[in-house]
Structure formats: C-alpha cells, structure tokens
Amino acid sequence: MTEPCFDVAHLGHIELLTNKPEESLDFFVNVYGLTESGREGDSVYLRAFDDYEFHTLKLTASDTTGMAHVGYRTSSPEALERRVTVIEAMGCGIGWTEGDLGHGRSYRFRSPDGHVFELYYDTHVYEAPAAEKPSLKNIAQRYHGRGVAPRRLDHFNLLASDVSAIRTFMTQALGSRVTEQIQLDNGRLGGCWFTVNNKGYDVAFTEDHSGARGRFHHITYAVDQREDVLRAADIFLENDVFIETGPHKHAIQGTFFLYVYEPAGNRVEVANAGARLILRPDVEPITWTEAERRKGQAWGLKTIESFHTHGTPPVA
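Residues numbered from 1 in each chain as written. Predicted model: local features only at pLDDT ≥ 70, side-chain atom pairs only at ≥ 80, totals over all residues. Heavy atoms only, no water.

Structural notes on the overall build of the chain
Along the chain, the regular secondary structure elements total six helices and 17 strands. Residue pairs in contact within the chain that sit at least 24 positions apart in sequence constitute 66% of those at least 6 positions apart. For the chain, the accessible surface area stands at approximately 13600 Å², while carbon and sulfur atoms represent 50% of it. (Helix = DSSP H or I, 4+ residues; strand = E, 2+ residues; numbered from the N terminus. Contact = heavy atoms within 4.5 Å. Areas by Shrake-Rupley, 256 points an atom, 1.4 Å probe, with all protein chains shown as cover.)

Below, the structure written as structure tokens:
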C-alpha cells in the first residue's frame, strides 16, 4: 500500500500536437464541443464547460502528432516545492518555465520514457465572458450543447516501454497511488492506472509493443451519463469521424467508453467515467491477470487490435 500524498491536486491540462491544425481545431470545437479560451503563437487553448481553469487542452500546430506535455496542479506553493525537491533528487528534472497563457511558473521533468510532465500551482481561473456566462453560478461556463459538449477533462493514457519503471516514477515523482494494474504472464506489467486524489484514475500507462518511446495513447473528457456517450456516437457518425471502438464498458475502472481519432490521428475518448471513487485510505491495487484480460471488456467485447498498436506519433 502507498500512503496517500496529495501534494498534487489534479490533472490540469494536456498539450497535443497536430499536423492538421485547422481540421483538428474544427473537430475539438464544433464536433467534440470544447470552447476556445485563448490563442498564443501556434497554440489554441480549449476547455470543457465545467473546467475551472483557463484551459485543459492546448492544441499546438506541429509537423508531428502526440503529446508535447502534460500539466498537473499542486495543492499549494509549498507542495510544488516539495515535489520539485523529490524530482530533482530522482535526476529526471528539466527545469523551471515562466508558464504560459493558462498558468504561472511551472517545473518540467521527464518520465523514464521521455514524456514531458510539468507541475504548477499559480493558475489562471477561467472567467466566462458575457456570451459564456452560466445561469447557475456553481459551474464555470454555460452549457452550450454544441457537439458532444463534455463536462470536464477526466484522464489520459500514455504508452511506455517499461510500465514497471513508470510505476516507480509516478509514485515517487507525483505521489500517485496505483489503483489497478495488469500483470502479464512473462512477469512484466502490461498496464498501470494511477490517481493523485480520490478519482479512480487520472492517467493510465500501457505497454508500447512498437519499440518506440514516449508515445501518446488517448485523452478523455467526461460526460454526465451513458446516454451522452451514445449521443456522441451519432454525432461522430454524422460528421464522418472514425470510430475505433465502443460504445462499451471497460472491465478495468468500469468506464463507459467511446474512442475516435481526431483528424490528425490522435485518439480521443468520450467517457462516462464517474463510476469509482477511491475513498478507502488503505486500499490495495487491484491486479488483473493476462487470462482475465483475454476475456475482453466488461461484457465480453474483444479489445480491438488497433487499441494495442495505434499511438501518436505513428511508427513505421
């Protein structure tokens, strides 16, 4: 059992790279239903209607795809300093940045696979302009109902060459707890799900079978109910968006899911993800065997092969 740390409050934002910036932006705004909150350089800042921060997705024009970095907000300025001390002792630090449009200074570091993380505390809390003012003062922005219109950023998934090394990294650097994991017959970890708070998970790492390092698997925003996921499937169908798999239910974490590819090829999920909260302080990780995973998803759906092979940037 890993004792809860809670220096890190929550997943804050993800920067995704796209080599089709106009098409990707159209997808995320008009089909997926996020709202633009700002622009700077080659980047557009986007948010779901109940995200409290300025942005949860930074979409950046590039000659490639995948994740540029992921940001987590700490629980206090002191917690940020404590985490930086730990990370520097681990030898994976990159250094301080001045922040950007969405938040103040941040400390960046790398996972064993080369994924770039950053921690920050000072943030730009979203203030809705007149056109986005909500009727209810306890949500950040009005519910516009455009496209899928998810409520909030929920989690993301990265690919890694060595999930065991990632497990050590996440528990030490962020103080994350492991909630579920896949133990392969060959002794390796096939996947690991982590949380920094009481959500079931904010990130999953799964084994990359391509031989590449530092790749991105998917980003997920949450909707309120399963019916919203079914509605999203119809919206994607009508807009010629490639549906990879779902709607269906994961056995691990119990998430009701739907996966699509945005125009540049980054995988995007819509999920009703509020099934599990980790309230027990002495909880032990749930371990799934390779045989159990072969049974497929919750209702026996075989996991589609591309789910194990497709990541961004693509490999030959």
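Considerations on the pairing of strand β9 (residues 152-160)
By the criterion of burial, β9 is predominantly enclosed, with eight of the nine residues buried. The pairing of β9 with strand β12 (residues 203-207) spans five bridges and is classified as parallel. Bridge pairing in β12 places Asn157 opposite Ala204. (Buried < 20%, exposed > 50% of the residue type's maximum accessible area, 1.4 Å probe, protein only. Pairing = 2+ DSSP bridges.)

Brief notes about a negative patch on the surface
Residues Glu227, Asp234, Glu238 and Asp240 make up a contiguous surface patch of negative charge. One can find Asp234 in helix α4 (residues 226-238). (Patch = residues over 30% accessible without salt bridge, like charges linked within 9 Å, V, L, I, M, F, W, Y side chains within 5 Å. Salt bridge = Lys/Arg side-chain N within 4 Å of Asp/Glu carboxyl O. Lys, Arg positive; Asp, Glu negative; His and termini not counted. Charge placed at Lys NZ, Arg CZ, Asp CG, Glu CD.)

Notes on the sheet that holds strand β7 (residues 106-110)
What the eight strands build is an open sheet, ordered β2-β3-β4-β1-β5-β8-β7-β6; its pairing is mixed. In this open sheet, the two strands that pair with only one neighbour each are β2 (35-40) and β6 (93-97). Taken pair by pair, the neighbouring strands of this sheet meet at an average axis angle of 25°, ignoring direction. Pairing geometry for strand β3 (residues 43-47) and strand β4 (residues 57-61), over four bridges, is antiparallel. From the neighbouring strand, Val44 faces β4, where its bridge partner is Leu59. (Axes fitted to C-alpha atoms, helices over the stretch in contact; angles between N-to-C directions.)

Regarding the state of the cysteines
For the structure on display, the rule yields zero disulfides. Of all cysteine sulfurs in the structure, the one in Cys5 sits closest to Cys92, which takes part in no disulfide; the separation is 15 Å. By relative accessible area, Cys92 is classed as buried at 15%. For Cys192, which is in no disulfide, the shortest distance to another cysteine sulfur is to Cys5 and amounts to 17 Å. (Disulfide = S-S within 2.5 Å.)

A short note on empty space enclosed by the protein
Across all of its chains, the model carries one cavity of 30 Å³ or more by this definition. Put simply, the largest cavity is a space of about 40 Å³. Every residue lining the largest cavity is listed: Thr245, His250, Phe257, Tyr259, Gln297, Leu301, Lys302, Thr303, Ile304 and Phe307. A class-by-class count of the residues in the lining of the largest cavity yields five nonpolar, four polar and one charged. (1 Å grid on protein atoms, 1.4 Å probe; cavity = no way out; pocket = protein on both sides within 12 Å on 5 of 7 lines; lining within 4 Å. Points joined across faces, edges and corners; volume = space filled by probe spheres on them. Nonpolar A, V, L, I, M, F, W, Y, C, P; charged D, E, K, R; others polar.)

What about the environment of His10?
You can see His10 is positioned in strand β1 (residues 8-18). Residues contacting His10, with those up to four places away along its chain left out, are Tyr52, Glu53, Tyr72, Arg73, Val196 and Asn197. Engagement of the side chain of His10 in a polar contact is seen with the side chain of Tyr52, the distance being 2.7 Å. (Polar contact = N/O pair within 3.5 Å; in protein donor to acceptor, adjacent residues only side chain to side chain.)

A few points about the packing of aromatic side chains
Under the criterion given, the structure shown has 18 aromatic pairs. Each ring, one from Phe27 and one from Phe28, has its centre 5.0 Å from the other, and the planes form 80°; the classification is edge-to-face. In this structure, Phe27 and Phe28 share a single accessibility class: buried. Consider the rings of Phe28 and Tyr32, whose centres lie 5.9 Å apart with planes at 85°: the pair is edge-to-face. The buried category is assigned to Phe28, whose relative accessible area is 1%. The structure contains a cluster of three or more aromatic residues connected by ring pairs, namely Phe27, Phe28, Tyr32, Tyr221 and Phe236. Directly above the ring of Tyr126 sits Arg47, whose terminal nitrogen or CZ lies 3.6 Å from the centroid. The lysine or arginine in question, Arg105, covers the ring of Trp96, its NZ or CZ lying 3.8 Å from the ring centre. (Phe/Tyr/Trp six-rings, centres within 6.5 Å; stacked < 30°, edge-to-face > 60°. Lys NZ or Arg CZ within 6 Å of the ring centre and 35° of its normal.)

Description of the layout of surface pockets
Reported here for the largest pocket is a volume of approximately 740 Å³. Taken together, 29 residues make up the lining of the largest pocket; nearest its centre are Ile182, Arg293, Thr303, Phe307 and His308. Partitioned by chemical class, the residues of the lining of the largest pocket number nine nonpolar, 14 polar and six charged. Space inside the second largest pocket adds up to approximately 250 Å³. Every residue lining the second largest pocket is counted, 14 residues in all, and those nearest its centre are His10, Leu11, Asp51, Arg152 and Leu153. Of the residues contributing to the lining of the second largest pocket, the split by class is three nonpolar, four polar and seven charged.

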